[in-house]
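# Examination of the molecular architecture
Chain residues, written in single-letter form:
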Amino acid sequence: RFLIASAAVGGLAWSCKYTTVLFPPMFAVVWWVDRWWKGERRPVGLTIRVALGMLGFVAVMALANLIVTGFAMAPLSPNQGEHLRLNGRVPDWLAPIVAKGLEVPVPRELAGFATQMQLQGSGGTSYLFGQRRDHGWWYYYLVTLAVKVPLTFWLLVVGRLALGRRVKSSGSDAIIPLVIVLFLALASIGSTRNLGLRYLLPIAPLAIVWVSALAEVRSFWKTLVVLGLVGYAVAVATIHPHELAYFNTLAGGPSGGKHILADSNLDWGQGAKSIARLQARRPEFQDLTFYYFGETDPAHYGVKGRVYPINAVSLPPDFPPTLTAETAYLAVSASLQYGPWGPAGYFQGLDAIRPVFVLDDQTVAVYRVADVHSEVKRKNMSVSKGRDRETADPPESQPSRRSDAPRRRRPDRR
C-alpha cells in the first residue's frame, strides 16, 4: 500500500523535476538493505523480489505521470528526416531505423528527460573556485554543502553521528543517512552540469528528520539542538531578504562566496530590483550600462540605462565584442563577472578596479567608467613599456660577442 502511494507521488514529482529519476534505484537499494538487516539472508531471492517490486513501482509511477500530464505525447527528437546527431554514432544500415524511432511520439515527460540526458552527456559550463569547466567537478556538490549550509547545522550533524542509535525512535535509523549518501553519490557521479545547491534540496527534509533525534535524549543533546536552532535563526536573520545569496562564515559570506560559486547559488538575476531602487535613491546611477544576467528585461522593474541581458543560452544580438560603456557608470551581474556565463575573460579587466557600489547580496557591482578607462590605459602603457624593453635589451637566447661567444684557445708560447 505504501509502495503504491509513494510510486504515485513519484509520478507527480516526475512531472515537476527530472531528479525524481534517482529515487527508484535508491528505493531499490534501501529496500534490499533493510530486508537484509532484518534477517533475510537469501540474496538471490531477495534481489529478484526487490526487482519485481521496483518494476511495479516504476509502472505505477509512469501511469501517475501520464494521468497528470493528460497523456501528452511528443517525439524524442523535434527534427524530421535527417538527424545529424546520429552521424558517426550509429552504423549506416541502422541509422534510418533509429531515426524513425526518434520521430515516434512517446510520453512527453520521457521525451523531455531524454533531452536532459543529452544535455548532461554533452556537459555544460560550470564554475567553482574561480575556474570554468565544461564538464564540472565530481566534488562540486560536496563543496556546495560545505559553504552554503550554516555551520551550526553541521554541529548538529556531528552531534547526531556521536549519538548513534541511542534514541528511542532509532529503529532502522541508518536508512536515512544511507539515502542521503546514495543521493549525493548519484548526483556527484552523474552530473556534468554543476549549477546549484537546488539539486540537493530533496535530501534536506531527510537530514532535518535525522538530526531531530537529538531532541529525544538527555539535556546535553537538547542544549545542542537549541544552539543549532539559534545559530540557524541568526544565519537567516543576517542575510534576509537575500537568502538565495547566503554563504556561511567559512566561505566569507556572499562577498567571499562569489569567488567559489555562482549561478543559482548567488545570482539568478534578482539584483535588478535593487538596482532600480538604487537609481531612485541616487539619480546619478541612472546614467548606467548594465550587463545583466537573467531572462527578464530589467526595465520591467524600473531600471534605467543601456542594458545587455545575458542568459544561460545566448548573448543579445547587439552585444559588443569588447567590454563597452558610453555612460558614466557600468554595472555587472556577479554570475557574469565571476560565474560561468558570458564570454570567457570578457569582464576580467574589472578585477583590478574597486567598485563604487556593490549590492548587499553581492549580486551586482557598479563601477565608474572613468576608472575602467584609466585601468585600460595603465595596462596599455605597461604593455608598451614591456615591448620597448624587449627592443632595447638583446634576447637572452642570442649570445653576446664578449661574454657568451666561445673563446678561441691561445697558442702556447712556452
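To start, this report covers the structure provided alongside it. (Residues numbered from 1 in each chain as written. Predicted model: local features only at pLDDT ≥ 70, side-chain atom pairs only at ≥ 80, totals over all residues. Heavy atoms only, no water.)

### Focus: unusual backbone geometry
- Note the cis peptide between His240 and Pro241, where omega equals 5°.
- Along the chain, Pro241 turns up in the loop between helix H10 (219–239) and helix H11 (253–257).
- Of note, the phi angle at Phe71 is positive, near 55°, even though the residue is not glycine.
- With respect to the helices and strands, Phe71 occurs in the loop between helix H3 (43–68) and strand S1 (73–75). (Helix = DSSP H or I, 4+ residues; strand = E, 2+ residues; numbered from the N terminus.)

### Describing the packing of helix H7 (residues 151–163) against helix H9 (residues 204–211)
- Across the interface, H7 lies against H9 with an axial gap of 9 Å and an inter-helix angle of 55°. The pairing of H7 with H9 is recorded here as oblique in orientation. Relative to H9, the crossing made by H7 is left-handed. Side by side, H7 and H9 meet where Phe153, Leu156, Val157, Arg160 and Leu161 of the first sit next to Ala207, Trp210 and Val211 of the second.
- The residue makeup of the contact of H7 with H9, split by class, is 7 nonpolar, no polar and 1 charged. (Axes fitted to C-alpha atoms, helices over the stretch in contact; angles between N-to-C directions. Parallel < 35°, antiparallel > 145°, perpendicular 65-115°, else oblique. Left-handed = near helix turned anticlockwise from the far one by under 90°. Contact = heavy atoms within 4.5 Å. Nonpolar A, V, L, I, M, F, W, Y, C, P; charged D, E, K, R; others polar.)

### Focus on the pairing of strand S7 (residues 329–333)
- Of all the 5 residues making up S7, 5 are buried; the element is thus mostly covered by neighbouring parts of the structure.
- Alternating positions in S7 separate into two faces, Tyr329, Ala331 and Ser333 on one and Leu330 and Val332 on the other, with burial throughout.
- Note that S7 and strand S9 (residues 364–368) share 5 bridges and pair antiparallel. Paired with Val332 across the bridge in S9 is Ala365. (Buried < 20%, exposed > 50% of the residue type's maximum accessible area, 1.4 Å probe, protein only. Pairing = 2+ DSSP bridges.)

### A short note on the sheet that holds strand S5 (residues 288–293)
- Judged by pairing direction, the sheet is mixed, and its 5 strands sit side by side in the order S6-S5-S7-S9-S8 without closing on themselves. Bordering the open sheet on either side are strand S6 (306–310) and strand S8 (357–358), each of which pairs with just one other strand.
- Across 2 bridges, the pairing between S8 and S9 is antiparallel. Bridge pairing in S9 links Phe357 to Val366.

### Points about the environment of Asp361
- Assignment of secondary structure puts Asp361 in the loop between S8 and S9.
- Using a relative accessible area of 2% as the deciding quantity, one classes Asp361 as buried.
- Taking the C-alpha atoms as reference points, Asp361 and Glu243, 118 residues apart in sequence, are found 8.7 Å from one another.

### Here we look at the side chain of Thr289
- Within the secondary structure layout, Thr289 lies in strand S5.
- The class for Thr289 is buried, based on a relative accessible area of 2%.
- Not counting residues within four places of it along the chain, the set of residues in contact with Thr289 comprises Arg306, Tyr308, Thr324, Ala325, Glu326, Thr327, Tyr329, Leu330 and Ala331.

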